[in-house]
Amino acid sequence: MNEDRDSLTQWIDNERERIISFLQAFIRCKSPNPPGDTTEAARHIMDFLRNEELEFRVIAPEATMPNLIAAFDGARAGKHLVLNGHIDVFPVGDGTGWAEDPWGGKIVNGKIYGRGACDMKAGTTASIFTYVFLHRLRDRLKGRLTLTAVSDEETFGPWGARYLVKHHPEVLGDCVLNGEPGSPYTVRFGEKGPLWLEFKIRTRGAHGAYTHASESAIKVAQRLIGDLELVTEIEPAVSDNIARSLETARESMDKAMGRGAADIVSKVTLNIGVIEGGLKVNMVPFACRFEADIRLPLGVTKEKVMAVVGKVLARYPQASVTEINFNPPSYCAPDSAMVGIIQKNVETLGGFKPTPIVSLGGTDARLWRYRDIPAYVYGPFPHGMGSTNEHVDVEEFLHIVRVHALSAYDYLMAG
Ligand SMILES: [Zn+2]
């Protein structure tokens, strides 16, 4: 180990309690999205950066959803690494089902509990401390390091990372490191793309006894939903190295995302998340609407899916479709320098080699990949993500901090 790497691991060990209490306090700053007001959580980061005498900028196209950018140059020219994490979290509702206060950040049996513990205030904390520690080494570093802590991620909103990559090209860089939850056993180089569609069915409607007088909009919807399964038969077209990576990663994907994940990562999936229709039991319904969440794997385009949807809809003149949301699937090289760096650091620290995988869910990392900037995700297990009793294991969290700090250092020094 060289001296700088020794310093990084020592700082993390010496400031362990500070890193942990930063995350606990971060969780206590409520930032559920919706509504997405992150001012308190952003202030927590700003206070910390000010305390470290680090400069930053606030970019807030929407006042309640601020984004923070900080950057510094090393002593010599080199590559530009961007650290990215979001500060908004899923909502909690009334907190039913939680054993601990969802906004408490309490430690129980070596685990930090609270909304955002794993998704992704732990990962964003890793980015922030990586930035702070590398800044201490700036006189010896090559290249440039940028920190982006963003709002408006959970709802694919326009005021966070999407705004930054569009209007502030200084956040683009050569590579991105992100700590979204996944699994310490995986490095994510790609993700599926959601296509959300709303279908509306209209019929004349009638008295419930007069089924001869009108078709039922609900029954039409039922048949249409069945036929839409056709989209799941679309075959993806991917390059050989991606296909090989996905095949090699089967076990890791099942371990990270549950058994069966490896089977659907390369398939189009269809979920009907919402259905509404009918007014009363004794009426033949004249209207029904439903929302479909179709997930596109790498190698399937929206056009391909919509062609199949169009073919199905041709059989249903009573139905129409509109797009609610679409983010294409994204990926970058599964075998780049950054992947090698992360794997080596995890092997040294944890004794295992993380596998490059594609994830089912989405992250802001896609926004950089859309611009051909490789973006990798290395984060903790998603315990209770988007559900109850969300938590992160304290030691796993510190492992993520170490991997991010050392990998950011190695990446810049290799440049
Ligand atoms: Zn997230």
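For the structure itself, consult the block above.
We now turn to the structure provided with this report. Per chain, residue numbering runs from 1 following the sequence as it is written. Totals for whole chains, interfaces and linings use every residue, but because this is a predicted model, local features are given only for residues with pLDDT of at least 70 and side-chain atom pairs only at 80 or more, for both listing and counting. Side-chain numbers here rest on the full set of heavy atoms in the structure, without hydrogens or water.

**Re the overall build of the chain**
We count it as follows: Secondary structure counts use DSSP, requiring at least four H or I residues in a row for a helix and at least two E residues in a row for a strand, with both numbered from the N terminus. The globule rule used for comparison is 2.2 Å times the number of residues to the exponent 0.38, while the radius of gyration itself is calculated over C-alpha atoms. Partly exposed residues are those whose accessible area sits between 20% and 50% of the maximum for their type, while under 20% is buried and over 50% is exposed, using a 1.4 Å probe and protein chains only. For this analysis, residues touch if any pair of their heavy atoms sits within 4.5 Å. Only the protein chains shown count as cover for residues, and the accessible areas themselves come from Shrake-Rupley with a 1.4 Å probe. Counted as positive: Lys and Arg. Counted as negative: Asp and Glu, with His and the chain ends omitted from the count. A charged residue contributes its charge at one atom only: NZ of Lys, CZ of Arg, CG of Asp or CD of Glu.
A tally of helices and strands in the chain yields 13 helices and 18 strands. In terms of C-alpha radius of gyration, the chain reaches 23 Å, essentially the compact-globule figure of 22 Å for 415 residues. Burial status across the chain gives 56% buried among its 415 residues. If you take every contact in the chain between residues at least 6 apart in sequence, the share linking residues at least 24 apart comes to 82%. About 17,600 Å² of surface is accessible on the chain, with carbon and sulfur atoms providing 50% of the total. In the chain, the 46 positive side-chain charges and the 52 negative ones have mean positions that sit 4 Å from each other.

**Points about the layout of surface pockets**
The condition that has to hold: Buried and open spaces are told apart on a 1 Å grid over the protein atoms alone, a cavity being a set of points where a 1.4 Å probe fits but cannot get out and a pocket being an open set with protein on both sides within 12 Å along at least five of seven lines. Residues with an atom within 4 Å of a point are the lining residues. Grid points are joined across faces, edges and corners, and a volume is the space filled by probe spheres set on the points. Polar here means any residue outside two lists: the nonpolar Ala, Val, Leu, Ile, Met, Phe, Trp, Tyr, Cys and Pro, and the charged Asp, Glu, Lys and Arg; Gly therefore counts as polar.
Counted as a void, the largest pocket has a volume near 650 Å³. Around the largest pocket, the lining is made up of 24 residues, and of these Arg 295, Leu 360, Gly 361, Gly 362 and Met 385 lie nearest the centre. Listing elements by their share of the lining of the largest pocket, those giving two or more residues are α8 (250–257), β13 (287–296) and β16 (355–359). Within the lining of the largest pocket, the residues separate by chemical class into ten nonpolar, seven polar and seven charged. Lining the second largest pocket are 17 residues; nearest its centre among them are Glu 235, Pro 236, Asp 263, Ser 266 and Lys 267. At three residues, the largest contribution of residues to the lining of the second largest pocket is made by helix α7 (residues 240–248). Along the lines of polarity and charge, the residues of the lining of the second largest pocket split into nine nonpolar, two polar and six charged.

**Description of the sheet that holds β13**
Operational definition: When DSSP finds at least two bridges between two strands, those strands are taken to pair. Axis lines are fitted through C-alpha atoms, for helices just across the contact stretch, and the angle between N-to-C directions can take any value from 0 to 180 degrees.
Read from one edge of the open sheet, four strands run β11-β13-β9-β14, paired in antiparallel fashion. With partners counted over all chains shown, the strands left at the sheet margins are β11 (269–277) and β14 (319–326), one partner each. Pairwise comparison of adjacent strand axes, ignoring direction, gives a mean angle of 20° for this sheet. Sheet analysis places strand β9 (residues 193–202) next to β14, joined by seven bridges and oriented antiparallel. The residue bridging Lys 200 from the neighbouring strand is Ser 320, located in β14. Packed onto the sheet, helix α10 (residues 302–313) meets β9, β13 and β14 and runs at close to 20° relative to β9.

**As for the coordination of the zinc ion**
Selection rule: Atoms of type N, O and S within 2.8 Å of a metal are treated as its donors, and for Na, K and Ca the window is 3.2 Å; water is not considered, so some sites may appear to be missing partners. Under the classification used here, a metal with four donors is tetrahedral if each angle lies between 85 and 135 degrees, square planar if opposite donors are over 155 degrees apart and the others between 65 and 115, a six-donor metal meeting that same test is octahedral, and anything else is irregular.
Taken together, the protein donors to the zinc ion comprise His 86 (NE2), Asp 119 (OD), Glu 180 (OE) and Glu 180 (OE), at separations of 2.0 to 2.6 Å. Given four donor atoms and angles of 54 to 144° at the metal, the environment of the zinc ion is assigned as irregular. The sequence pattern formed by the donor residues of the zinc ion is H-x32-D-x60-E. Placement of the pair is His 86 in strand β3 (residues 76–86) and Asp 119 in helix α4 (residues 117–136), with a sequence separation of 33 residues. Summarising the burial analysis for this pair, His 86 and Asp 119 share the class buried.

**Some details on the side chain of Arg 402**
Tracing the backbone through its elements, the reader meets Arg 402 in helix α13 (residues 394–414). Apart from residues no more than four positions distant in its own chain, Arg 402 is found in contact with Ile 12, Asp 13 and Leu 349.

**Focus on a nonpolar patch on the surface**
Heads up, the condition is: A patch is a set of surface residues, each over 30% in relative accessible area and not in a salt bridge, joined within 9 Å for like charges and within 5 Å for the nonpolar side chains Val, Leu, Ile, Met, Phe, Trp and Tyr. A side-chain nitrogen of Lys or Arg and a carboxyl oxygen of Asp or Glu constitute a salt bridge if their distance falls within 4 Å.
Among the surface-exposed residues, Leu 279, Met 283 and Phe 286 lie close enough to one another that they form a single nonpolar patch of about 290 Å² accessible area. Examined against the element boundaries, Leu 279 turns out to sit in the loop between β11 and β12 (283–284).

**Remarks on the nonpolar core**
Rules: Take the buried residues of types Ala, Val, Leu, Ile, Met, Phe, Trp, Tyr and Cys, join any two whose side-chain atoms come within 4.5 Å, and each joined set is a nonpolar core.
Ile 45, Leu 81, Leu 134, Ile 342, Tyr 376 and Phe 397 are the most contacted members of the largest nonpolar core, which totals 73 residues. Broken down by element, the residue count for this core peaks at twelve residues, all from α13. Discounting residues that sit within four places of it in the chain, Ile 342 has contacts with Leu 177, Val 187, Tyr 376, Tyr 378, Val 403 and Ser 407. Counting 27 residues, the second-largest nonpolar core is a separate cluster that includes Leu 195, Ala 221, Leu 228 and Val 268.

**Quick look at the packing of aromatic side chains**
Each aromatic ring pair is specified by the distance between its two centres and by the angle formed by the two planes. Convention followed: The criterion for an aromatic pair is that two Phe, Tyr or Trp rings (for Trp, the six-membered ring) have centres within 6.5 Å, with stacked assigned to planes under 30 degrees apart, edge-to-face to planes over 60 apart and tilted to the rest.
Under the defined criterion, the tally for this structure stands at eleven aromatic pairs. Taking the centre distance of 5.8 Å and the plane angle of 50° together, the rings of Phe 129 and Phe 133 count as tilted. With Phe 129 and Phe 133 both in helix α4 and four residues apart, this pair spans about one turn of that helix. Here Phe 129 falls in the buried class, since its relative accessible area comes to 0%. With centroids separated by 6.2 Å and ring planes inclined at 45°, the aromatic side chains of Tyr 185 and Phe 381 adopt a geometry described as tilted. Highlighted residues: Tyr 185 in the loop between β7 (175–178) and β8 (186–191) and Phe 381 in the loop between β17 (375–377) and β18 (391–393), separated in sequence by 196 residues. Residue Phe 381 is classed as buried on the basis of its relative accessible area of 18%. Ring pairing ties together the aromatic residues Trp 11, Phe 22, Phe 26, Phe 48, Phe 129 and Phe 133, which thus form one cluster.

Honestly, that's just the spatial picture; any functional story needs more than this.
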